[in-house]
Amino acid sequence: MSTSNAQAKLDYIAGTKTAIKDAIELKGVTVGAATFREYADKIGEISTGGTWQPQPEWIDISTVGDNEINLLVTEGTGIAFSTTVAGAGTYTIDWGDGTVETSRASGTIYMHQHIANGTAWGATYTWKIRIYGATGDITGWKVERHTYTTRKQYHPILWAVFGTMGMTTYANAFYNTTDDDVNCVDLQSCVIPTFASVSNTSNMFSYCRALSSITLPTSWGSVSNTSNMFSYCYALSSITLPTSWGSVSNTSNMFSSCYALSSITLPTSWGSVSNTSSMFSYCCALSSITLPTSWGSVSNTSNMFSSCYALSSITLPTSWGSVSNT
């Protein structure tokens, strides 16, 4: 192995160690100078009781109107997003600081900086953004790059509640890979009402490192692609999935690098899923998992549990079925 390759591997391991430390501390456990071998004990100290609650000083955005979106944001370099409305319709944005913009065009990027009229939260402030008054169903929403800085952008969204029943995609909603990696690393909680008409949730929450609470619908609806949906959600320790995979065919990297994920209940059947490659890679806290009793249509399981350092119990189906790549 060349010196450069060896150094690259060491750098990757060091980065992984730092990311795991950050994930543990996001769950309220101090790591300090603990050795890497002691991280498993630190993960064991994470409390699994109770449910996520917004900070007492936060503006309450939990009540959302039909065909509306509520966002709670804090101070940052700025925020930008696009909203798609059926029929090339229009909608209104209330930025929460006294600025209200009407007749916003479907699919157009709108941006804003919050500098006044915020609600105090410790040494910083919060604002409620309300997206409403659309002339047709809101069918898409995602973060976009703003022009307030040329550097990598971290949009300061803390909490998101969707009241949108007509969405057709959530792909890249909180992680925009087409605009130089716009991330939402501060997002803690999100509520999604339905996936009925949604076909794609790939990269939906990628790199939402603080995400610890996600309310999903009881059905995947029309979703076929969940690849990278929760990748690099360092603080996500447990999740409740719909009871059936429905039309989902691709779950590759779905939970990759969810370092704190220790509990997950899978549907009892793989349904139409064919690709589970790297689905749980680097889920360092995952100690056991129950798979469906049959691989169904799954053909690719490569690296499915790669670097799951704590995994000590797993029951595989009695037959490999159509699996050709392990």
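Up top is the structure.
Report on the accompanying structure. (Residues numbered from 1 in each chain as written. Predicted model: local features only at pLDDT ≥ 70, side-chain atom pairs only at ≥ 80, totals over all residues. Heavy atoms only, no water.)

Scanning the entire structure with this criterion turns up 1 cavity of 30 Å³ or more. Looking at the largest cavity, its volume works out to about 50 Å³. Looking at the largest cavity, the residues that line it are Val73, Thr74, Glu75, Gly76, Gly78, Ile79, His112, Gln113, His114 and Pro156. When its residues are assigned to classes, the lining of the largest cavity shows 3 nonpolar, 6 polar and 1 charged. (1 Å grid on protein atoms, 1.4 Å probe; cavity = no way out; pocket = protein on both sides within 12 Å on 5 of 7 lines; lining within 4 Å. Points joined across faces, edges and corners; volume = space filled by probe spheres on them. Nonpolar A, V, L, I, M, F, W, Y, C, P; charged D, E, K, R; others polar.)

Now for the nonpolar core. Most often, soluble globular proteins have nonpolar side chains that are buried together. Ranked by internal contacts, the top residues of the largest apolar core, which has 66 residues, are Trp141, Phe174, Phe205, Phe230, Phe255 and Phe280. For this core, the secondary structure elements donating two or more residues are β1 (69-74), β2 (79-85), β3 (90-94), β7 (124-132), β8 (138-143) and β9 (157-162). Once residues lying within four places of it in the same chain are set aside, the contact partners of phenylalanine 230 are Phe205, Leu211, Ile214, Leu216, Leu236, Ile239, Met254, Phe255, Ser256 and Cys258. Ranked by size, the runner-up nonpolar core spans 7 residues in total, among them Trp52, Leu72, Trp159 and Val161. (Core = buried A, V, L, I, M, F, W, Y, C linked by side-chain atoms within 4.5 Å. Buried < 20%, exposed > 50% of the residue type's maximum accessible area, 1.4 Å probe, protein only. Helix = DSSP H or I, 4+ residues; strand = E, 2+ residues; numbered from the N terminus. Contact = heavy atoms within 4.5 Å.)

In the structure shown here, the tally under the stated rule is 2 salt bridges. Among the salt bridges present, the one from glutamate 68 reaches arginine 130, with a minimum N-O distance of 3.1 Å. One end of the pair, glutamate 68, is in the loop between α2 (39-44) and β1; the other, arginine 130, is in strand β7, and 62 residues separate them in sequence. Between arginine 104 and glutamate 101 there is a salt bridge whose closest N-O contact spans 3.6 Å. (Salt bridge = Lys/Arg side-chain N within 4 Å of Asp/Glu carboxyl O.)

Attention shifts here to the packing of aromatic side chains. One pair of aromatic rings is described through two measures. These are the centre distance and the angle between the planes. Inspection of the entire model under this criterion finds 27 aromatic pairs. Here tyrosine 91 and tyrosine 110 contribute two aromatic rings whose centre-to-centre distance is 6.4 Å and whose plane-to-plane angle is 80°, an arrangement assigned as edge-to-face. Of this pair, tyrosine 91 sits in strand β3 while tyrosine 110 is found in strand β5 (residues 109-112), placing the two residues 19 residues apart along the sequence. Judged by its relative accessible area of 12%, tyrosine 110 falls in the buried class. Centroid distance tyrosine 232 to tyrosine 234: 6.4 Å. Interplanar angle 65°. Geometry classified as edge-to-face. Positioned over the ring face of tyrosine 132 is arginine 130, at 3.8 Å from the centre of the ring. (Phe/Tyr/Trp six-rings, centres within 6.5 Å; stacked < 30°, edge-to-face > 60°. Lys NZ or Arg CZ within 6 Å of the ring centre and 35° of its normal.)

Moving on: unusual backbone geometry. In this structure, asparagine 203 takes a positive phi of about 60° despite not being glycine. Within the fold, asparagine 203 resides in the loop between β12 (189-191) and β13 (213-215). Not every positive phi belongs to a glycine, and serine 257 is a case in point at roughly 65°. Looking at the element boundaries, serine 257 is found in the loop between β14 (238-240) and β15 (263-265).

Time to look at the environment of leucine 291. Take leucine 291: it is sitting in the loop between β16 (288-290) and β17 (313-315). For leucine 291 and leucine 266, which are 25 residues apart along the polypeptide, the C-alpha to C-alpha distance reads 6.8 Å. Those residues in contact with leucine 291 that sit more than four places away from it in its chain are Leu266, Trp270, Met304, Phe305, Ile314, Thr315, Leu316 and Pro317.

Here we come to the side chain of threonine 139. Relative to the assigned elements, threonine 139 resides in strand β8. Given a relative accessible area of 15%, threonine 139 falls into the buried group. Non-local contacts of threonine 139, meaning those with residues more than four positions away in its chain, are made with Thr84, Val85, Ala86, Gly166, Met167, Thr168 and Thr169.

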